[in-house]
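# Inside the fold
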Amino acid sequence: MNKSLERFLLSRRSVLKGAAALSASTLLGRSASAAPSAPLTFIGWQYQPQIVEENVNTFKKLYDENVTYELVSGDYHPVAETKLTGGQHIDMLYAEEDHIARWCAADWARDLDGLPDLDAIKEGMFPVSVQSMSLPDGKLAGLPYYAGHNAFIYNEEHLQKAGISAPPDSFDALLDACRKLKKDGISDAPYNSAWGQNWPELSWSLFSCWYAEGAPVFDDKNDLVDDAALRKVLETHQTLYKEQLVTPDIMTLPNEGVPSYATGRHTFMVLHDYDQKVANDPKLSKAAGKVKNALMPGKTHSTFAWTAVYMMGKQPVDVDRTWQLLRFFGGKSKDGQYHVIKRWALEFGLGSAYKEVMADPEVVASFSKWRDLDITKKQLELATSRKVAKMIWFPEWDLFMMQRTQEYIRGNMTTDQLVEALSNKVADLKKQYQ
């Protein structure tokens, strides 16, 4: 959606029609107009929807509830915004950290302030996840779907064949290693990553590399910071492409490039941490058993960490019932079990915002089979959450950034031209959303 703040906020009116009749007490209790038999509505993106259906059915049986689940096909966030703009009623919905403030500002979703047990729930989570899920005013926007970060992985066998004693710890060392691996015929495309124009692809990969090199990217006023670290990462990406150290089709690889890495063709990859489970699964990957994780190359070795959320719609059919739905999916159910979160962890390697889940012996044993947890712990201690994503204009800048950076990587722009375009776009969007 490419709109000014005025148009953006006007679009919520169909959603808010009749809202004046709702009192504050109604929002903290069951709506007088909502019948207990009315279904709760829940929308989600395209990740294991059959498992989500099963989880919905578990909730319905455990709570004697009525829930309608809708899978959103296509690019989730723009499609969800279209539904919300059109006035579709939604009680619970997925969101990434870069949309929570935007959707609350449009009155499509509400924060969780004042709901039962919220303080205790927050106490049980890692601070970086609480920060990721919080609005600019500090209120919690949702409960955690999963917590993730971008990890750096490498094929240990490839390095041994090339006589490289350790994974690269800088971007210069990464380029040198890729050149040697290609020259020695060990890998024709040593580096791989998600470089597509989707929010979890080139954007997440770039921010991870920027943070690893020490680039703040944005300052406290949310203006772009043009520094050596920002440019270093951009130029490294352009060099990887120019020297054919990546596949020619890297910007269109399906499923964020994970199936390509699973062929055993590549040596290095920046990927969502849970996808290392796929890379080390012998049923799914030819590189299984050879893929190790290391700290991100760069001066600070930081990375981008995020927590996806379940948000509550602005006008749920029943706040109490919807809060139970959020807590079942995004925390403990009434029987004290993490039904959904622990299943995501054990079956798919998704990390959790909850300290208790990540310390669970079953989860620790499972994760230890496919990644080095000591390195993961160090990586998370160095990780950075993305504060600028709480600006309601950020998703539009982010898409523009990915589009222009792809042009730059292909050699169609200079570094000066790209940085100037990205900076100017920030200024333009700030004016639109004043």
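## Things to note about the overall build of the protein
For the protein, the count of helices and strands is 21 helices and 9 strands. Taking 22 Å as the expected radius of gyration for a compact globule of 434 residues, we find that the protein reaches 22 Å, a close match to that expectation. In terms of overall dimensions, the protein has C-alpha extents of about 70 × 50 × 35 Å along its principal axes. Residue pairs at least 24 apart in sequence account for 75% of intrachain contacts in the protein once pairs closer than 6 positions are excluded.

## Quick look at the confidence of the model for the protein
The pLDDT averaged across the protein works out to 92; a share of 92% of its residues lies at or above 70. Segment residues 1-36 is flagged for pLDDT under 50; beyond a separation of four residues in sequence, or across chains, it makes 65 contacts in the model.

## Section: the pairing of strand 7 (residues 268-272)
The side chains of a regular strand alternate, residue by residue, between the two faces of the sheet. Most of strand 7 sits inside the fold, with 5 of its 5 residues counted as buried. Sheet topology note: the strand 5 (residues 143-155)/strand 7 ladder contains 5 bridges and is antiparallel. By the bridge assignment for strand 7, alanine 151 is matched with leucine 271. Pairing geometry for strand 6 (residues 191-193) and strand 7, over 3 bridges, is parallel. Paired with serine 193 across the two strands is valine 270, which belongs to strand 7.

## Considering a negative patch on the surface
Among the surface-exposed residues, Asp113, Asp119, Glu123 and Asp137 lie close enough to one another that they form a single negatively charged patch. Along the chain, glutamate 123 falls in helix 7 (residues 118-123).

## Side note on the packing of helix 4 (residues 49-63) against helix 16 (residues 339-348)
Where helix 4 meets helix 16, the axes come as close as 11 Å, and the angle between the chain directions of the two elements is 150 degrees. What the angle tells us is that helix 4 and helix 16 run roughly antiparallel. Between helix 4 and helix 16 the crossing geometry is right-handed. Residue-level inspection shows Ile51, Val52, Glu54, Asn55 and Leu62 of helix 4 in contact with helix 16, the latter providing His339, Val340, Arg343, Trp344, Glu347 and Phe348. Classifying every residue of the contact of helix 4 with helix 16 gives 6 nonpolar, 2 polar and 3 charged.

## Examining helix 16
Among the residues of helix 16, Val340, Ile341, Trp344, Ala345 and Phe348 are the ones counted as buried. Taken end-on, helix 16 shows its buried residues confined to a sector of 135 degrees, consistent with a single buried face. Of the residues one or two after helix 16, glycine 349 is the one with positive phi, at around 75 degrees.

## Things to note about the pairing of strand 1 (residues 40-44)
Strand 1 sits mainly inside the fold: 5 of its 5 residues count as buried. Neither face of strand 1 is open: one carries Leu40, Phe42 and Gly44, the other Thr41 and Ile43, and all of them are buried. In this structure, strand 1 lies alongside strand 2 (residues 67-71), joined through 5 bridges in parallel fashion. Bridging from a neighbouring strand, phenylalanine 42 pairs with tyrosine 69 of strand 2.

## Some thoughts on the layout of surface pockets
The computed volume of the largest pocket comes to approximately 860 Å³. Surrounding the largest pocket, 30 residues form its lining, Gln46, Tyr47, Asn255, Glu256 and Tyr274 being those nearest its centre. Its residues assigned to classes, the lining of the largest pocket comprises 16 nonpolar, 6 polar and 8 charged. Computed from the structure, the second largest pocket encloses a volume of approximately 560 Å³. Lining the second largest pocket we find 24 residues, and of these Phe126, Met358, Thr376, Lys377 and Leu380 sit closest to its centre. Elements supplying a minimum of two residues to the lining of the second largest pocket: helix 8 (127-133), strand 5, strand 9 (305-313), helix 18 (361-368) and helix 19 (373-382). Counting residues per element, the lining of the second largest pocket draws most heavily on helix 19, at 6 residues.

## Quick word on the packing of helix 20 (residues 394-409) against helix 21 (residues 415-432)
For the pair helix 20 and helix 21, the least separation of the axes is 10 Å and the interaxial angle reads 165 degrees. Considering their axes alone, helix 20 and helix 21 lie roughly antiparallel with respect to each other. With respect to the hand of their crossing, helix 20 and helix 21 are arranged in right-handed fashion. Residues Glu396, Trp397, Phe400, Met401, Arg404, Thr405 and Tyr408 of helix 20 pack against Thr415, Leu418, Ala421, Leu422, Lys425, Val426 and Leu429 of helix 21.

## Observations concerning the packing of aromatic side chains
Per the stated rule, a full pass over the model turns up 39 aromatic pairs. Consider the rings of tyrosine 146 and tyrosine 274, whose centres lie 5.7 Å apart with planes at 85 degrees: the pair is edge-to-face. Separated by 128 residues along the polypeptide, tyrosine 146 in strand 5 and tyrosine 274 in the loop between strand 7 and helix 14 (276-279) bring together distant segments of the chain. With respect to class, tyrosine 146 is no different from tyrosine 274; both count as buried. Between the NZ or CZ atom of lysine 334 and the centre of the ring of tyrosine 63, over which it lies, the distance is 4.7 Å.

## Some remarks on helix 15 (residues 319-330)
With 12 residues, helix 15 ought to run about 16 Å at 1.5 Å a step, and its terminal C-alpha atoms sit 16 Å apart, in line with that. Where helix 15 is concerned, the buried positions are Val319, Arg321, Thr322, Trp323, Leu325, Leu326, Phe328, Phe329 and Gly330. One side-chain oxygen of the residue at the start of helix 15 lies 2.9 Å from the amide nitrogen of aspartate 320, identifying that residue as aspartate 318.

## Some points on the pattern of salt bridges
Across all of its chains, the model carries 24 salt bridges by this definition. Between arginine 343 and glutamate 54 there is a salt bridge, with its nearest N and O atoms 2.6 Å apart. With a gap of 289 residues between them, arginine 343 in helix 16 and glutamate 54 in helix 4 connect regions that are remote in the sequence. With a relative accessible area of 37%, glutamate 54 lands in the partly exposed category. Put simply, arginine 102 and glutamate 81 hold a salt bridge, and the shortest N to O gap is 2.7 Å. Here the residue arginine 102 occupies a position in helix 6 (residues 100-105), and glutamate 81 occupies one in helix 5 (residues 76-85), the gap between them amounting to 21 residues. The same class applies to arginine 102 as to glutamate 81, namely buried. By sharing partners, the salt bridges in this structure join Glu54, Arg343 and Glu347 into a single network.

Conventions used here
Residues numbered from 1 in each chain as written. Predicted model: local features only at pLDDT ≥ 70, side-chain atom pairs only at ≥ 80, totals over all residues. Heavy atoms only, no water. Helix = DSSP H or I, 4+ residues; strand = E, 2+ residues; numbered from the N terminus. Rg over C-alpha atoms; globule rule 2.2 N^0.38 Å. Contact = heavy atoms within 4.5 Å. pLDDT = per-residue confidence, 0-100. Buried < 20%, exposed > 50% of the residue type's maximum accessible area, 1.4 Å probe, protein only. Pairing = 2+ DSSP bridges. Patch = residues over 30% accessible without salt bridge, like charges linked within 9 Å, V, L, I, M, F, W, Y side chains within 5 Å. Areas by Shrake-Rupley, 256 points an atom, 1.4 Å probe, with all protein chains shown as cover. Salt bridge = Lys/Arg side-chain N within 4 Å of Asp/Glu carboxyl O. Lys, Arg positive; Asp, Glu negative; His and termini not counted. Charge placed at Lys NZ, Arg CZ, Asp CG, Glu CD. Axes fitted to C-alpha atoms, helices over the stretch in contact; angles between N-to-C directions. Parallel < 35°, antiparallel > 145°, perpendicular 65-115°, else oblique. Left-handed = near helix turned anticlockwise from the far one by under 90°. Nonpolar A, V, L, I, M, F, W, Y, C, P; charged D, E, K, R; others polar. Arc of directions from axis to C-beta. 1 Å grid on protein atoms, 1.4 Å probe; cavity = no way out; pocket = protein on both sides within 12 Å on 5 of 7 lines; lining within 4 Å. Points joined across faces, edges and corners; volume = space filled by probe spheres on them. Phe/Tyr/Trp six-rings, centres within 6.5 Å; stacked < 30°, edge-to-face > 60°. Lys NZ or Arg CZ within 6 Å of the ring centre and 35° of its normal. Expected span 1.5 Å × (residues − 1). Polar contact = N/O pair within 3.5 Å; in protein donor to acceptor, adjacent residues only side chain to side chain.

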